[in-house]
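So the chains spell out like this:
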Protein chains: 2
Amino acid sequence: MNETEFERLNILLQTNNLKFLKEELSDMTYPDIAEFIMESDDEKRAVKIFRILSKDISADVFSYLEPDSQTTIVNSITDREIARLMDDLFLDDAVDFLEEVPANIVRRVLANTDKQTRELINRFLKYPENSAGSLMTIEMVELHDRLTVGEAIKNIRRTGVDKETIYTCYVIDDGRHLMGTLPLRRLLLNDEDTPIREIMSDDDRLIFVRTMDDQEEVAAIAKKYDLLSVPVVDMENRLVGIITIDDIVDIIDDEATEDFEKMASLLPSEDGYLKTGVFKMARNRIGWLLILMVTSTFTGQIIEGFEAQLSTIAGLTACIPMLMGTGGNSGNQASTLIIRGLALGEVKLKDFFRVIWKEIRVATIVGLLLGAVNFGRMLLVRLITGNPVTNNVILVVSMSVCAVVIVSKTIGCTLPIIAKVLRLDPALMAGPLISTLVDAISLMVYFGLAHLLIPGC
Amino acid sequence: MNETEFERLNILLQTNNLKFLKEELSDMTYPDIAEFIMESDDEKRAVKIFRILSKDISADVFSYLEPDSQTTIVNSITDREIARLMDDLFLDDAVDFLEEVPANIVRRVLANTDKQTRELINRFLKYPENSAGSLMTIEMVELHDRLTVGEAIKNIRRTGVDKETIYTCYVIDDGRHLMGTLPLRRLLLNDEDTPIREIMSDDDRLIFVRTMDDQEEVAAIAKKYDLLSVPVVDMENRLVGIITIDDIVDIIDDEATEDFEKMASLLPSEDGYLKTGVFKMARNRIGWLLILMVTSTFTGQIIEGFEAQLSTIAGLTACIPMLMGTGGNSGNQASTLIIRGLALGEVKLKDFFRVIWKEIRVATIVGLLLGAVNFGRMLLVRLITGNPVTNNVILVVSMSVCAVVIVSKTIGCTLPIIAKVLRLDPALMAGPLISTLVDAISLMVYFGLAHLLIPGC
């Protein structure tokens, strides 16, 4: 969708040319129609567009809307329209929607849903947030394990229209236990009379998650095995739902966003940037800033304790921001790589010592080089400006740079792994927290070296 | 795969019980077999496992191996085995593999590939890295637009076994121009004599990318439209390939990793943490550390210029780390949210002023609160320790906290958007770069306020 197309649709809407608008919309994709609805500034206009959609696509479009637009629309349509909408929505989309909107909307919607669906939705709403159970849908193709390929295909043709995906079918026994999975592809490429038991994937190849598994687990499994949908089973291995790849893609984005937020000392937020209110946003930010503000006063205390020496020896104070900055950045580099490696499963707990050994070697190379560059830089600055910095000070600063890089990188790679061992989120052990720790240690190293190597310090 | 299973397979391997091992492997998924090969420490053992795989799955397993294991194996198998392997690999997996391994391997592999495939591979290797062309595969289902549903299904049954996916078919005309897309689902759920022209998605609904489009674009389109594969067309709208969802999932992870790396002032690396050598890793880190080290000396100069005042007025120096830290963290929060919002398409360039206005409001709330807390904290510390900090100093520090938060957040949200306008990567405008800038500005604000409000400063 480009600006011109939006413009054209908007003109049709403003001139009330609804017949043409409806025709234009029927040629558009659901996400594009949803975008058009969400971009219309005016609530009445949004509802107007939604209402001219033909009945068979309105639920599809609805599932692509953001929660606030969904609320607007549900607030403006009749109970009968709500009943129809809920009937047409896939269960996972209905649950998604109800999880995000205000409680009064949930009550009104549930009041207009048939009893069976209402019970199902209530059950789904009880699963913990971000668990497989809360994400799954029940509209999957289930095939009885006694069927042949031909019967299975007939079954899919008959029931497939209401399924969220038909590309992976799930084979169950009389007790609804998951016996195997069967890609539609394999069905189509086999003879009609082959029993599906013979061609389904089973035993060791059977991949599934349980209702209480976290979404991170679901995404990891889908990625590892390149699945288009992941089956969800209960404690008795009975098939209760599936999670499809479009939702898994969203999970992958959400998990990365959550890590970005945690690493920037933000409380994770489910909503997009522009959708989050100012007060909520302030609340998400203030907690960590307060903690970090208070802890960084310790760094100030360390400087204060050394104030007499700092004020008598030229050049020592001016290097403090550079040392703290270099330490923070070095630690940040290491922790980011480890956190991401852990999140993607590239780094595992058993690699702990390999990681530390690698970081120490990398840090030594980087530290020596940065120290040498700093040494040259300070000599050069003295030569040009004629400042009274002594050789000893230059040596101490350069050695500190090297030491600070090594210490920071070691801390940066260690803390996320320790967090993982303690079953905390490694992403919490990122930038700001490590910087604060590294700041204090950098200064102690710096002042310690100064005390040892500079006469009268 | 759990540890026990690995253990059992390893025992079979060590006792040379290859017949049983082969049987066990034939029950396993390709990713699990690949993991087993990669986990065997010994190169000979890895090759041994690969060689006992039955011929019809070895290419599938190969495509799940990391480049270094692929290299090991190709180094140890015969030219005939290479020829067979290349023949069985999907083109995109072959290209992926050849892009990552040493040049001598590439030469040997291409020498053992038939002329047609060799030409194709050479053409694919010429596409820019991370372009749609370099990621696509040519094994897609193409249907002529004159076919009926029944003929199309017959066509798929005949040719489907060699296709990377059959779930979305692409309809082309005599000139191979992309005319429409057709989910297999729609084919199966329609009557046999329906012409596919009537049921394919076309016109406004036709979604595709071009060979030179960046992978970020491909992922965005797949996510927006929930596609299982994205068609790739050339400048004349002829269908040249498709990119499947499993590769799109990898792109999403890669793009997020790249942003994590850039935001931690690392040069992006294609390899996983444990696979990257120590020297390469040092090289990826040192550039930004050097730049940031040199720029942070300016911050030092600012402190130096104020040294006389700092040494006479109690309490001023000790607050420097806290102010710089709070500024850096605040800016980091804002820039992270904007960078992620831009990457996910939630924040667009036209939202520029909305974003800044929002950040200023959030920053004011956060800044006032932090300033107030700091005020109370400093009063309390004075009460307890009896330090000689004056009321004016406490006021200046608290006002500075507030001002620094507002300035940092404004800078933090502005720079990534400006980068986007200038067609640079917003992720470069993150943490370390913003911290360095914010450090300098924080100190200027601090010293400015001190000069104005503290007598004799």
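This structure is a prediction, so every number in the text was calculated from the model and none was measured.

Student: Even after reading the chapter, I still don't get the side chain of T137 of chain B, so can you show me in this structure?
Tutor: All names here are of chain B. Among the secondary structure elements, T137 is positioned in the loop between α11 (132-135) and β1 (142-144). There is a polar contact of 3.5 Å between the side chain of T137 and the side chain of D92. At 2.4 Å, the side chain of T137 forms a polar contact with the side chain of E139. Excluding residues that lie within four positions of it along the chain, T137 makes contacts with F90, L91, D92, E164, G241 and I242.

Student: Please explain unusual backbone geometry as it appears in this structure.
Tutor: Among all residues except glycine, the phi angle is most often negative; among peptide bonds, the trans geometry is most common. Residues and elements named next belong to chain A. Notably, N16 is not glycine yet its phi reads approximately 60°, a positive angle. With respect to the helices, strands and loops of the structure, N16 is situated in the loop between α1 (3-14) and α2 (18-26). One non-glycine residue, R176, lies in positive phi territory at about 65°. Looking at the secondary structure, you find R176 in the loop between β2 (168-172) and β3 (178-183).

Student: I'm lost on the interface of chain A and chain B in this one. Help?
Tutor: For interface size, the figure often reported is the accessible area lost on association. Taken together, the 112 residues of chain A in the interface contact 112 residues of chain B. Note on chain A versus chain B: buried area summed over both sides is about 10,600 Å², and carbon and sulfur give 64% of it. For K223 of chain A, the salt bridge identified is with D253 of chain B, shortest N-O distance 2.8 Å. Summed over the shared surface of chain A and chain B, the result is 29 residue pairs in polar contact (both at pLDDT 80 or more). Per element, the largest residue contribution to the side of chain A that touches chain B is 17 residues, and it comes from helix α17 (residues 278-305) of chain A. Here the residues of the side of chain A that touches chain B are counted per class, giving 57 nonpolar, 23 polar and 32 charged.

Student: Could you clarify how one ought to interpret a negative patch on the surface in this entry?
Tutor: Together, E66, D96, E99, E100, E129, D250 and D254 of chain A together with D226 and E346 of chain B make up a region of like negative charge exposed at the surface. Looking at the negative patch, the elements with two or more residues in it are α8 (91-100) and α16 (245-263) of chain A. With three residues, the top contributor of residues to the negative patch is α8 of chain A. One can find E66 of chain A in the loop between α5 (55-63) and α6 (67-76).

Student: Explain the pairing of strand β6 (residues 239-244) of chain A here, please?
Tutor: Regular strands have side chains that alternate between both faces of the sheet. All names here are of chain A. Of all six residues making up β6, five are buried, and the element is well covered by its neighbours. Here strand β5 (residues 229-233) runs beside β6; their pairing, made up of five bridges, is antiparallel. Bridge assignment links V230 to a residue of β6, and that residue is I243. Linking two consecutive strands that pair antiparallel, namely β5 and β6, is a turn of five residues; a positive phi of about 65° is found at N237 within it.

Student: I keep staring at the pattern of salt bridges and nothing clicks. Help me out?
Tutor: A side chain of one charge can pair with a side chain of the opposite charge when the charged atoms of the two come close. As enumerated under the stated definition, the model contains 34 salt bridges over all chains in all. Between D32 of chain A and K224 of chain B there is a salt bridge, with the nearest N and O atoms lying 2.8 Å from each other. One end of the pair, D32 of chain A, is in helix α3 (residues 30-39); the other, K224 of chain B, is in helix α15 (residues 215-225), on a second chain. Residue D32 of chain A is classed as buried on the basis of its relative accessible area of 4%. Residues E24 of chain B and R8 of chain B are paired through a salt bridge, measuring 2.7 Å at the closest nitrogen-oxygen approach. Note that E24 of chain B is positioned in helix α2 (residues 18-26) and R8 of chain B in helix α1 (residues 3-14), a separation of 16 residues in sequence. The exposure class of R8 of chain B is partly exposed, given its relative accessible area of 40%.

Student: Just checking my understanding: could you explain the pairing of strand β2 (residues 168-172) of chain B for this structure?
Tutor: Residues and elements named next belong to chain B. Counted residue by residue, β2 has five buried out of five residues, so it is predominantly covered. A two-sided burial pattern is seen for β2, the buried positions comprising T168, Y170 and I172 on one face and C169 and V171 on the other. Inspection of the sheet shows β1 paired to β2 by three bridges, in the parallel sense. For E142, the partnering residue across the bridge sits in β2 and is Y170. Read as a crossover between parallel neighbours, the route from β1 over helix α12 (residues 149-159) to β2 is right-handed. Pairing analysis gives five bridges linking β2 to strand β3 (residues 178-183), with the strands arranged antiparallel. Paired with T168 across the bridge in β3 is P183. Here β2 folds back onto β3 in antiparallel fashion, the turn holding five residues, of which R176 has a positive phi close to 65°.

Student: Mind showing me how you'd approach the sheet that holds β6 of chain A here?
Tutor: For sheets, the rule is that strands pair by backbone hydrogen bonds, running either parallel or antiparallel. All names here are of chain A. Spatially, β4-β5-β6 is the arrangement adopted by the three strands of the open sheet, whose pairing is mixed. Whereas interior strands pair on both sides, the edge strands pair on one side only; in this sheet they are β4 (209-210) and β6. Pairing between β4 and β5: two bridges, direction parallel. Among the inter-strand pairings, V209 is bridged to a residue of β5, identified as V232. Packing of α16 onto the sheet brings it into contact with β5 and β6, and relative to β6 it is tilted by some 65°.

Student: How should I be thinking about the nonpolar core in this particular structure?
Tutor: Across soluble globular proteins, nonpolar side chains show a tendency to be buried alongside one another. Ranked by size, the top nonpolar core spans 160 residues in total, and within it L187 of chain A together with L187 of chain B carry the most contacts. Sequence-distant contacts of L187 of chain B, defined by excluding residues within four places in its chain, comprise L143, V149, A152, I153, I156, C169, L182 and I196 of chain B. Judged by nonpolar contacts, the second largest core, of 71 residues, contains L310, V393 and I394 of chain A together with I320 of chain B.

Student: In this structure, what is going on with the relation of the copies chain A and chain B? I would like to understand it.
Tutor: Taken together, a rotation about one axis and a shift along it account for how the two chain copies relate. Rotating chain A by 180° and translating it 0.0 Å along the rotation axis places it on chain B, where the RMSD comes to 0.1 Å. Accordingly, the operation relating the two chain copies is best matched by a two-fold axis. A shared interface surface links the copies, since 100% of the contact residues of chain A are contact residues in chain B too.

Student: What is the right way to look at the sheet that holds β1 of chain B in this model?
Tutor: Residue and element names in this part refer to chain B. Ordered in space as β1-β2-β3, the three strands form an open sheet in which the pairing is mixed. In this open sheet, the two edge strands, each paired with only one partner strand, are β1 and β3. The sheet shows a mean angle of 35° between the axes of neighbouring strands, taken without regard to direction.

Student: Looking at this structure, how should I read the packing of aromatic side chains?
Tutor: To describe a pair of aromatic rings, one takes the distance between the centres and the angle between the planes. Within the structure shown, the criterion is met by eleven aromatic pairs over all chains. Taking 5.3 Å as the distance between ring centres and 50° as the angle between the ring planes, the aromatic pair formed by F352 of chain B and F353 of chain B counts as tilted. You can call F352 of chain B partly exposed: its relative accessible area is 22%. Cluster of aromatic residues (ring-pair linked, three or more members): F50, F62 and F97 of chain A.

Student: How should I be thinking about the packing of helix α19 (residues 320-344) of chain B against helix α20 (residues 352-385) of chain B in this particular structure?
Tutor: Geometry of a packed helix pair, given as the angle between the helix axes and the separation of the axes. Residues and elements named next belong to chain B. Close contact between α19 and α20 brings their axes to 12 Å; oriented N to C, the two are set at 155°. Taken together, α19 and α20 sit at an angle that is classed as roughly antiparallel. With respect to the hand of their crossing, α19 and α20 are arranged in right-handed fashion. Counted together, M322, T326, A334 and I338 of α19 and V355, E359, L370, N374 and R377 of α20 form the full contact between these two elements. Split into classes, the residues belonging to the contact of α19 with α20 amount to five nonpolar, two polar and two charged.

Conventions used here
Residues numbered from 1 in each chain as written. Chains lettered and ligands numbered in written order. Predicted model: local features only at pLDDT ≥ 70, side-chain atom pairs only at ≥ 80, totals over all residues. Heavy atoms only, no water. Helix = DSSP H or I, 4+ residues; strand = E, 2+ residues; numbered from the N terminus. Polar contact = N/O pair within 3.5 Å; in protein donor to acceptor, adjacent residues only side chain to side chain. Contact = heavy atoms within 4.5 Å. Buried area = accessible area lost by both parts, 1.4 Å probe. Salt bridge = Lys/Arg side-chain N within 4 Å of Asp/Glu carboxyl O. Nonpolar A, V, L, I, M, F, W, Y, C, P; charged D, E, K, R; others polar. Patch = residues over 30% accessible without salt bridge, like charges linked within 9 Å, V, L, I, M, F, W, Y side chains within 5 Å. Areas by Shrake-Rupley, 256 points an atom, 1.4 Å probe, with all protein chains shown as cover. Lys, Arg positive; Asp, Glu negative; His and termini not counted. Charge placed at Lys NZ, Arg CZ, Asp CG, Glu CD. Buried < 20%, exposed > 50% of the residue type's maximum accessible area, 1.4 Å probe, protein only. Pairing = 2+ DSSP bridges. Right-handed = clockwise from strand over helix to strand, strands pointing away. Axes fitted to C-alpha atoms, helices over the stretch in contact; angles between N-to-C directions. Core = buried A, V, L, I, M, F, W, Y, C linked by side-chain atoms within 4.5 Å. Least-squares fit on C-alpha atoms with pLDDT ≥ 70 in both. Phe/Tyr/Trp six-rings, centres within 6.5 Å; stacked < 30°, edge-to-face > 60°. Parallel < 35°, antiparallel > 145°, perpendicular 65-115°, else oblique. Left-handed = near helix turned anticlockwise from the far one by under 90°.

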